[in-house]
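Analysis of the macromolecular model
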Amino acid sequence: MLPGKGDRMLLHIKRKWCLNHFEFRAQEQECVIGKKPYSFIILPHRIQVIYNGQIDLYARQRNILLRLLNALPILFRFPFTPYTIDFRGRRVGRTKMIDTFHITFQIAKDRYDLYTHTHLRHSIVKNGEQVALIRKDTETYMEENTYCIDYIAFSDFDVELLMFICVLVDMSYYPFDGKFAIGTKSVDVTHISGDTCPW
């Protein structure tokens, strides 16, 4: 039975290293799988969210030149190349970086904001209202980053969207051994101001 809108839910996601991609699986929703294929440093990253064996959501970085520039250490403060987002074969949105700790994206008529508050906590805001909090476990073993997402059911495909955002957070802030990093540099973050957080 699917949750109704407004219900409080939990989602536990674990990253696993595979032969040619990182795989993300949700403990509560086994039919939803996130994939991040490996890319050479200058090639655009891709994110796939698979539902019941079919690619439901697909995101791809849009600009190879910008991806190359952002790979340079001197530009480490701006590591995010925008993504286009397709849902079930139809272009529905794109991401945009506001600053190093704030990413926004538009899907249809809804605006989503992803805020980083500490090196382990990120909030998701939909149209000005917080709908989820992502917490990363402090320990990482064998590249298996684990996340807990506390969320309020907010759409008909919120699990797929949360999986996409979790993969985006993982790629953007924990690309190596699970330590918080910006671009190519590790960062020690104790608190970052932003919109909303504690749940």
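Residues numbered from 1 in each chain as written. Predicted model: local features only at pLDDT ≥ 70, side-chain atom pairs only at ≥ 80, totals over all residues. Heavy atoms only, no water.

**Looking at the overall build of the protein**
- Helix and strand counts for the protein stand at two helices and 14 strands.
- Looking at the 199 residues of the protein, the share that counts as buried comes to 50%.
- Of the roughly 10,500 Å² of accessible surface on the protein, 56% is carried by carbon and sulfur atoms. (Helix = DSSP H or I, 4+ residues; strand = E, 2+ residues; numbered from the N terminus. Buried < 20%, exposed > 50% of the residue type's maximum accessible area, 1.4 Å probe, protein only. Areas by Shrake-Rupley, 256 points an atom, 1.4 Å probe, with all protein chains shown as cover.)

**Let's talk about the sheet that holds strand β2 (residues 21-26)**
- Pairing within the closed barrel is antiparallel, and its twelve strands lie in the order β1-β2-β3-β4-β5-β6-β7-β8-β9-β10-β11-β12. Averaged over neighbouring strand pairs, the angle between their axes works out to 20 degrees when direction is ignored. (Pairing = 2+ DSSP bridges. Axes fitted to C-alpha atoms, helices over the stretch in contact; angles between N-to-C directions.)

**Some words on the pattern of salt bridges**
- With the rule as written, the count across this model stands at seven salt bridges.
- The salt bridge involving R15 is made with D170; its shortest N-O contact spans 2.8 Å. A residue pair is termed long-range when its members are at least 10 positions apart, and R15 in strand β1 (residues 8-17) and D170 in helix α2 (residues 158-173) qualify at 155 residues. Across the pair, D170 and R15 agree in class, each one buried. (Salt bridge = Lys/Arg side-chain N within 4 Å of Asp/Glu carboxyl O.)

**A closer look at the environment of Y38**
- Within the element layout of this structure, Y38 appears in the loop between β3 (32-37) and β4 (46-51).
- Sequence-wise, Y38 and L19 are 19 residues apart; in three dimensions their C-alpha atoms are separated by 9.3 Å.

**Quick look at unusual backbone geometry**
- In this structure, R88 is a non-glycine residue whose phi angle is positive, near 55 degrees.
- Relative to the helices and strands, R88 is located in the loop between β6 (83-87) and β7 (90-99).
- Even without glycine at this site, N127 takes up a positive phi of about 50 degrees.
- Considering the arrangement of structural elements, one finds N127 in the loop between β10 (121-126) and β11 (129-136).
- For N127, a relative accessible area of 46% puts it in the partly exposed group.

**Re the nonpolar core**
- Core analysis: the biggest nonpolar cluster contains 41 residues, and I124, I149, F164 and I165 have the highest contact counts within it.
- Counting residues per element, this core draws most heavily on α2, which supplies twelve residues. (Core = buried A, V, L, I, M, F, W, Y, C linked by side-chain atoms within 4.5 Å.)

**Side note on the packing of aromatic side chains**
- On inspection of all chains with the given rule, the structure shows three aromatic pairs.
- Taken together, the ring pairs connect F105, Y112 and F164 into an aromatic cluster.
- Above the face of the F22 ring, R15 is positioned so that its terminal group lies 4.2 Å from the ring centre.
- Taking NZ or CZ as reference, K136 lies 5.1 Å from the ring centre of Y174, over its face. (Phe/Tyr/Trp six-rings, centres within 6.5 Å; stacked < 30°, edge-to-face > 60°. Lys NZ or Arg CZ within 6 Å of the ring centre and 35° of its normal.)

**Considerations on the environment of R15**
- Assessed through its relative accessible area of 0%, R15 is described here as buried.
- Note: C-alpha distance between R15 and N145 (130 residues apart in sequence) is 5.1 Å.
- Polar side-chain contacts of R15 include one of 2.8 Å to the side chain of D170.
- From its side chain, R15 meets the backbone oxygen of Y174 in a polar contact 3.3 Å long. (Polar contact = N/O pair within 3.5 Å; in protein donor to acceptor, adjacent residues only side chain to side chain.)

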